[in-house]
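Chain and residue survey
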Amino acid sequence: MTGRGTPDAQPGYSLPVFDRISPAPPPSVVAARIDLHTGPGDVVADLFGRGGWVARLAVDRQRRALSLESSPLTRMLAEVVLRPPDVRHLDAAFQGLAASPRRDSSLKGSIGDLFATRCATCGRTLVADEIVWAVDDEAGIAGRARPVIRHYRCTVCRDQLGGSEHRQAPLDADDLRRATADVGAAAMRASLLARFPEVAGAEGLPAELLDLHTGRQLVGLGAILERIEGDLRAAPLLAALRLALLHAILPASRLATQSGRASTLRISSGHVRPGTGTQSRERNPWNAFEDSFRTVRGFIQRLEGGTTGPIQARLGEDLRSLGEGTPTAVLALNGPSGLLTLRDDPNAYGRKSATPKIRLVLGQPPMRLNLERLAAAYHGTAWVLGREAAAILPIDGLAGASLRPPWSSQATAVAVALEAVEPAMARDGRVIQLVDGGPEAIVSVVLAGATAGYRLLGARLADADDGAAALVELLPPGGLMPPGPRTRANVGLEPVPGGAGDADIVSSSRLFAPPERFDDRPFSATETARTVTETAVETLKARGEPASFERLLGEILVGLDRAGQLRRLATAALAGDGHEPAVERTEPPEDDATEETAYDPAEASGPVSRPRRSGAGRDLPADPVDRLLGLIRDELGRPTQRRLTEIEPGRWWLTDPDDLAGAATPLADRVEWAVFSLLSTAGPITESSFFDRIAALYSGHDLPDDGLVRASLDSYRSLASTAGRVITGDDLLRRSQEHTELLATIAEAGHRLGMRVWIGRREQTRRHGAGLLGDLLDGGEQRAYLGAISHGDGLAEVDAIWYVRDKVAFLFEVEWTAMLGEPLLRRHARIPPDESLIRFLVIAPERTELVRYKLERSPLLRAALDAGTWHIVKSNHLRAFLGREPLDLADLEPYLGLDPEVERTGEQMPLFGS
């Protein structure tokens, strides 16, 4: 869970291009972490910024911010996000751009002249919106396009003839002449071509990208670009106009679709992949620029009117400048020069202010490149920022048929950044990385932290059906480790009392240091496997319920870090320092099929495996991220694994009886009770405060699914509740009285049926009428020998029983909550299944959906229901049945189930009235 409930998207703050190449982090999660780990005046750093979003939220909360942007395009976006230009100034800049002189007219007019046309109805001179080009054999040359339809707007025809102002007509002779006329496209093409750096192995790619535009479009877009770059403007205004042009390029190309948007640019093997359609649209580039300007203008308006309000960051040049008074943010591009902003230059040139320490590193790892994302970044960067900016990108990957960089490359990039920021971090600081990806993405960040000497405090990979953010939390070298659970995996690795972290962690440079500087013990796959099993078992015991691989992975990684194995693996596999790491040669235990492998950092590909194999019998991968995940998965699913089992695909549970006996109450039941307790004691509370209070109760292995918290809240909240005022209609005393009365009704009905009755020992002491509930039993029933009903030792605690000795018994468990762990998994687990035992789970109707949710998420509960011949009946339906005259067990069936027949047919209405 986050501190703010389910993380939201960036509502209304996105731009289409950046949604594809660099999506923003969820603002609620970012804001919650800033509030949790920092105070006013502290410094928050984002090492791989995606447009300055983290820095914006930090400045809004009176923090100081440092944002190292991940690409030139996000650096341009951050200029606008951190210092949004005044909309009036932006409008003036756009109007000035449109009216700026070009040739014998204005910029807008000269581009319009290229698309001049006449209305087919009234003959007025207009500017065409777009020209449709068709590809067929009628063009005279097979495969060559010809213009066929023009789209334009005529307001005169709309006013005089009615209908829409949007019109279309075939091209006349003047239109055809203009479509093929020489408008100086060759010179403009050469100028634009110089903006694209060459791609080794794909030298013709820049020309193919420009071929996406007609000659008229190149001239129009190039003219807009020249005017944007030719005038002297403030940096935010210049960035905003460049953003507008960026969003106009593809819509003003052959990739334009009928909706006015553009299909995705695709590059493969160094060539642009052509579209499959038989038509293309030649959009007027000025119209496309106007549309994209409106998009950017609306984006800036939403920035100023959003929840964070208007923000104008004051930019400094380096980290030291944030301590000198006026600057509130530092904006740079991640890379050698950007990382220099983190250093405290000993030659301060007279600057006497102390360099502030970074309290929180918060952000997202760099986006993992693929061909589509790299193609969009290369194309857009070259167009709006030029050759030097585009050359920063790893453009050589565009020459390949596919692009799948190893996860270790991302781990190395993150490790380098963490290494650079470590001297500037406060010892009680934190590193929080919000990860958008699967297990590989999480492990890559964890290994990066281990390589740079950071300790792992927590790792969370969200389940597929969970909306919470995946994240990794790290502690900088020398920081004091918070107290944590002591297991076999971490005994002896707790922080030194009164010291600054673990004794084997050094705070000097680690990335290229010999392994023996911080641990001379070798990496051991055997010990790693033992730690995996031990940590997984301890986690499951603490949760008290099965967990998915995603849930276990984070805790396993923490256990491996505390055992020291992460650090040994990371330094051997990722450092590439040329030192031969030691590898333990111990034999695996008798029931352990995990085998040892050696790591050779001298190999460019990273770790290599010796001829031995893992427990699953497959070759171990070379990439350290894949290798570590392989070791974890192999150990969990090892054929000789005696303590864990995959109870259903992707979910794991305990098998050892001792482990099962030590398991805690199921987390789902603890969360449900916490929700009820909070609602019943806190009084009216807002939803956001509710989620904050619940989030504070659970962390680590106890972290519940957001869906579970939401389902529990929905079950207990009153119908009168709102988002700003959540209350509950449940009262503990009233529910207790209802419970007692229903047990009394069950006991009396059993006697009416001629059966003997039992009431659980803990229930017999409840007050009922003038006496106790146990007074409803006669002397023989109170002294009954329950062993005649079943050999199980849990019968005495069953809420109520109807029985005929040696024939049949009806067992009732009455619950007003949906906490099913105790009755189903513990109490009745001690009562073996028997054809003569029929069990009823009586639930409150208000808990129906919560019970349904718990059954869907818990294979243990489903298995217990199936094995124990359980029948679910709602308490209101049971009361209606027990009130019937005459009472006949054959009439009970329509009342059974979460969706009983009486609710589907409406039969309950006359029954309740009888």
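This is a predicted model, so every value here is computed, not measured.

1. Observations regarding the overall build of the protein chain
A tally of regular secondary structure across the protein chain gives 35 helices and 28 strands. Looking at the 914 residues of the protein chain, the share that counts as buried comes to 56%. For the protein chain, the proportion of contacts with a sequence separation of at least 24, taken over those separated by at least 6, is 71%. When the accessible surface of the protein chain is summed, it comes to about 38100 Å², and 51% of that surface belongs to carbon and sulfur atoms.

2. Structural notes on the side chain of Thr-381
Position of Thr-381 among the secondary structure elements: in helix α15 (residues 371-384). Residue Thr-381 is classed as buried on the basis of its relative accessible area of 1%. In this structure the side chain of Thr-381 is engaged in a polar contact, spanning 2.6 Å, whose partner is the backbone oxygen of Ala-377. Residues contacting Thr-381, with those up to four places away along its chain left out, are Pro-72, Leu-73, Gly-386, Ala-389, Ala-390 and Leu-393.

3. Structural notes on the packing of aromatic side chains
Going through the model one piece at a time under the given rule, you end up with 16 aromatic pairs. Between Phe-94 and Trp-286, the aromatic rings sit 5.6 Å apart at their centres with planes inclined by 25°, giving stacked as the arrangement. You can see Phe-94 sitting in helix α5 (residues 87-99) and its partner Trp-286 sitting in helix α13 (residues 285-305), a full 192 residues away along the chain. Taken together, a centroid distance of 5.6 Å and an interplanar angle of 45° make the contact between Phe-676 and Tyr-716 tilted. Taken as a pair, Phe-676 in helix α24 (residues 667-682) and Tyr-716 in helix α26 (residues 706-716) lie far apart in primary sequence, 40 residues in all. You can call Tyr-716 buried: its relative accessible area is 1%. By way of ring pairs, the aromatic residues Phe-94, Trp-286, Phe-289 and Phe-293 are connected into one cluster.

4. Quick look at unusual backbone geometry
Cis geometry is found at the peptide bond from Glu-885 to Pro-886, where omega equals -5°. With respect to the helices and strands, the residue Pro-886 is situated in the loop between α33 (875-882) and α34 (901-905). Positive phi values are uncommon outside glycine, yet Ser-269 reaches one of about 55°. Assignment of secondary structure puts Ser-269 in the loop between β10 (267-268) and β11 (271-272). Phi at Asp-806 takes a positive value of approximately 65°, unusual for a residue other than glycine. With respect to the element layout, Asp-806 can be found in the loop between β25 (800-804) and β26 (808-815). Residue classification places Asp-806 among the exposed positions, given a relative accessible area of 67%.

5. Concerning the nonpolar core
Formed by 79 residues in total, the largest nonpolar core has its most connected members in Phe-289, Trp-383 and Leu-398. Take this core: its biggest share by element is 10 residues, from helix α12 (residues 235-249). Ignoring sequence-local partners within four residues, the contact set of Leu-398 consists of Val-199, Leu-205, Ile-267, Ser-269, Gly-270, Leu-371, Leu-374, Ala-375 and Tyr-378. With 70 residues, the next largest nonpolar core counts Leu-68, Ala-459, Phe-523 and Val-558 among its residues.

6. Some thoughts on helix α19 (residues 525-543)
The terminal C-alpha atoms of α19 lie 27 Å apart, and with 19 residues this matches the ideal 27 Å at 1.5 Å per residue to within 8%. Burial runs high along α19: 16 of the 19 residues are buried. One side-chain oxygen at the N-terminal end of α19 lies 3.4 Å from the backbone nitrogen of Thr-526; it belongs to Ser-524. The positive-phi residue at the C-terminal boundary of α19 is Gly-544, with phi of around 75°.

7. Thoughts on the environment of Leu-820
One can find Leu-820 in the loop between β26 and α30 (821-827). The exposure class of Leu-820 is buried, given its relative accessible area of 1%. Spatially, the C-alpha atom of Leu-820 lies 9.9 Å from that of Ile-843, the residues being 23 residues apart in sequence.

8. Description of the sheet that holds strand β14 (residues 329-333)
With mixed pairing, 8 strands are arranged side by side in an open sheet as β13-β14-β2-β1-β15-β16-β18-β17. For this open sheet the edge positions go to β13 (315-316) and β17 (455-460), each flanked by a neighbour on one side alone. Across the sheet, helix α3 (residues 53-60) is in contact with β1 (43-49), β2 (64-69), β14 and β15 (358-363); its angle to β2 comes to roughly 175°.

9. Things to note about the pattern of salt bridges
As enumerated under the stated definition, the model contains 60 salt bridges in all. The salt bridge partner of Arg-735 is Glu-738, with a shortest N-O separation of 3.4 Å. Placement of both Arg-735 and Glu-738 in helix α27 (residues 732-752) is noted, with a separation of 3 residues, approximately one turn of the helix. A salt bridge links Arg-827 to Glu-813; the shortest N-O distance between them is 2.5 Å. Linking Arg-827 in helix α30 with Glu-813 in strand β26, this pair joins segments that are 14 residues apart in sequence. In this structure Arg-827 comes out as buried when scored by relative accessible area, which is 6%. Bridged by salt links that share partners, the residues Asp-730, Arg-734, Arg-735, Glu-738, Glu-846 and Arg-847 form one connected network.

10. What to know about the environment of Asp-182
Positionally, Asp-182 belongs in the loop between α8 (173-180) and α9 (185-193). For the pair formed by Asp-182 and Gly-215, sequence separation is 33 residues and the distance between their alpha carbons is 7.9 Å. Looking at Asp-182, its side chain comes within polar contact range of the main-chain nitrogen of Gly-184, at 3.1 Å.

11. Focus: the sheet that holds strand β22 (residues 756-759)
Strand order in the open sheet formed by 5 strands is β22-β25-β26-β27-β28, with mixed pairing between adjacent strands. Two strands bound the open sheet, and with one partner strand each, they are β22 and β28 (870-874). Sheet twist, expressed as the average angle between the axes of neighbouring strands with direction ignored, equals 20°. For strand β27 (residues 837-843) and β28, the ladder comprises 5 bridges, and the chain directions are parallel. Paired with Arg-839 across the bridge in β28 is Trp-870.

12. Considerations on the packing of helix α18 (residues 439-451) against helix α20 (residues 549-562)
Direction vectors running N to C along α18 and α20 enclose 10°, while the axes themselves pass 11 Å from each other. The angle between α18 and α20 falls in the class roughly parallel. On α20, the residues touching Pro-439, Ile-442, Val-443 and Val-446 of α18 are Phe-549, Leu-553 and Leu-557. Here the contact of α18 with α20 is built from residues that sort into 7 nonpolar, no polar and no charged.

13. A look at the state of the cysteines
Tallied over the entire structure, the rule returns 0 disulfides. A disulfide-free cysteine, Cys-122 has its sulfur positioned 3.6 Å from the sulfur of Cys-119, the nearest such atom. The partly exposed category is assigned to Cys-122, whose relative accessible area is 33%. For the unlinked cysteine Cys-154, the closest cysteine sulfur is that of Cys-157, found at 3.4 Å.

14. Re the environment of Phe-812
As for its placement among the helices and strands, Phe-812 is situated in strand β26. In this structure Phe-812 comes out as buried when scored by relative accessible area, which is 2%. Taking the C-alpha atoms as reference points, Phe-812 and Trp-802, 10 residues apart in sequence, are found 8.4 Å from one another. Sequence-distant contacts of Phe-812, that is, excluding residues within four places in its chain, are made with Ile-746, Val-798, Asp-799, Ala-800, Trp-802, Phe-840, Val-842 and Leu-878.

15. Notes on α33
Each full turn of the α-helix corresponds to 3.6 residues, which orients residues three or four apart in the same direction. Among the 8 residues in α33, 6 count as buried, and that is most of the element. For α33, the set of buried residues is Ser-875, His-877, Leu-878, Ala-880, Phe-881 and Leu-882.

16. A look at the confidence of the model for the protein chain
Note that predicted coordinates carrying low pLDDT should not be read in detail. This prediction gives the protein chain a mean pLDDT of 85; 85% of its residues lie at or above 70. Note that residues 575-618 has pLDDT below 50 and, in this model, 107 contacts with residues that lie over four places away or in other chains. Within the model, pLDDT remains below 50 along residues 907-914, and this stretch shows 10 contacts once partners closer than five positions in the same chain are excluded.

The rules behind the values
Residues numbered from 1 in each chain as written. Predicted model: local features only at pLDDT ≥ 70, side-chain atom pairs only at ≥ 80, totals over all residues. Heavy atoms only, no water. Helix = DSSP H or I, 4+ residues; strand = E, 2+ residues; numbered from the N terminus. Buried < 20%, exposed > 50% of the residue type's maximum accessible area, 1.4 Å probe, protein only. Contact = heavy atoms within 4.5 Å. Areas by Shrake-Rupley, 256 points an atom, 1.4 Å probe, with all protein chains shown as cover. Polar contact = N/O pair within 3.5 Å; in protein donor to acceptor, adjacent residues only side chain to side chain. Phe/Tyr/Trp six-rings, centres within 6.5 Å; stacked < 30°, edge-to-face > 60°. Core = buried A, V, L, I, M, F, W, Y, C linked by side-chain atoms within 4.5 Å. Expected span 1.5 Å × (residues − 1). Pairing = 2+ DSSP bridges. Axes fitted to C-alpha atoms, helices over the stretch in contact; angles between N-to-C directions. Salt bridge = Lys/Arg side-chain N within 4 Å of Asp/Glu carboxyl O. Parallel < 35°, antiparallel > 145°, perpendicular 65-115°, else oblique. Nonpolar A, V, L, I, M, F, W, Y, C, P; charged D, E, K, R; others polar. Disulfide = S-S within 2.5 Å. pLDDT = per-residue confidence, 0-100.

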